[in-house]
Amino acid sequence: METLKKIALAIDTLFESFALLGLTSMILIVITQVMTRKLFNFVFFWSEEMTLLLLVWFAFMGMAIGFREDLHLGVDSFTAFLPDMLNRVLDKIIGISIFGFGVYLIIYGWEFTVMMNESTLAATKLPNSILYLVLPVSGVMTCAYSALQVAGFNTKRHKGNEVEMGGVMGGEE
């Protein structure tokens, strides 16, 4: 069991590291693109396409990481009035719904990825499917995180993600 936990943690760390690397790369490409356009009136032909690719990948990977950290939307002002037992049932229903969304991403994301394999991106000539491959990848991670949460495991890896809304605009009055 300990070996399985280490493997899952390594996969999760790799997934999150790849998302952060994508975000960093996207920021560097955009900075370079703006600098070269303003200073030299020149733009790398591939910069906009790579920015779009990295943005899509980061968005979907970030969504899965958000599910892992339990950062999805919730209506606490309503559920605070419900009994604890009902809130636990609602949490399970939400977890199962998120799992279903992950399955949807896997099935239809893979179909779309295969369908787009025949075309290429205009600037980089990469297969167009690389843009959509993130759908099944994020779907697998979303399913894994939601299954663990429904089974009662805490998947949060980062502390301090909770935002307390007190006073005006989240601060003290």
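Everything below is about the structure printed above this text.
Our subject in this report is the structure included herewith. (Residues numbered from 1 in each chain as written. Predicted model: local features only at pLDDT ≥ 70, side-chain atom pairs only at ≥ 80, totals over all residues. Heavy atoms only, no water.)

Remarks on the pattern of salt bridges
For the coordinates displayed, the defined rule picks out five salt bridges. A salt bridge links Arg157 to Asp12, with the shortest nitrogen-to-oxygen separation between them at 2.6 Å. Here Arg157, found in the segment after α6 (134–150), pairs with Asp12, found in helix α1 (residues 2–40); they are 145 residues apart in sequence, far enough to count as distant. Residue Arg157 is classed as partly exposed on the basis of its relative accessible area of 32%. Relative accessible area serves as the criterion here: at 6%, Asp12 is assigned to the buried category. One salt bridge connects Glu69 with Arg68, and the closest N-O pair in it is separated by 2.9 Å. The class of Glu69 is buried, set by a relative accessible area of 3%. (Salt bridge = Lys/Arg side-chain N within 4 Å of Asp/Glu carboxyl O. Helix = DSSP H or I, 4+ residues; strand = E, 2+ residues; numbered from the N terminus. Buried < 20%, exposed > 50% of the residue type's maximum accessible area, 1.4 Å probe, protein only.)

So, α6
The end-to-end C-alpha distance of α6 is 24 Å, a good match for the 24 Å that 17 residues give at a rise of 1.5 Å each. Val134, Leu135, Pro136, Ser138, Gly139, Met141, Thr142, Cys143, Tyr145 and Ser146 are the residues of α6 that are buried. Packed against the buried residues of α6 are α1, α2 (47–68), α4 (84–115) and α5 (129–132). Following α6 by one or two positions, Gly152 has its phi on the positive side, about 100 degrees. (Expected span 1.5 Å × (residues − 1). Contact = heavy atoms within 4.5 Å.)

Some thoughts on the nonpolar core
Phe15, Ala19, Leu53, Trp57, Met61, Ala64, Ile65, Leu131, Val134, Met141 and Tyr145 together form the largest nonpolar core, which totals eleven residues. Breaking this core down by element, the ones donating at least two residues are α1, α2 and α6. Once residues lying within four places of it in the same chain are set aside, the contact partners of Met61 are Phe15, Phe18, Ala19, Val134 and Ser138. (Core = buried A, V, L, I, M, F, W, Y, C linked by side-chain atoms within 4.5 Å.)

Digging into the packing of α2 against α6
Between α2 and α6, whose axes approach to 8 Å, the crossing angle comes to 5 degrees. Relative to α6, the element α2 is oriented roughly parallel. On α6, the residues that touch Val56, Trp57, Phe60, Met61, Met63, Ala64, Ile65, Phe67 and Arg68 of α2 are Val134, Leu135, Ser138, Met141, Thr142, Tyr145 and Gln149. In the contact of α2 with α6, the residues fall into twelve nonpolar, three polar and one charged. (Axes fitted to C-alpha atoms, helices over the stretch in contact; angles between N-to-C directions. Parallel < 35°, antiparallel > 145°, perpendicular 65-115°, else oblique. Nonpolar A, V, L, I, M, F, W, Y, C, P; charged D, E, K, R; others polar.)

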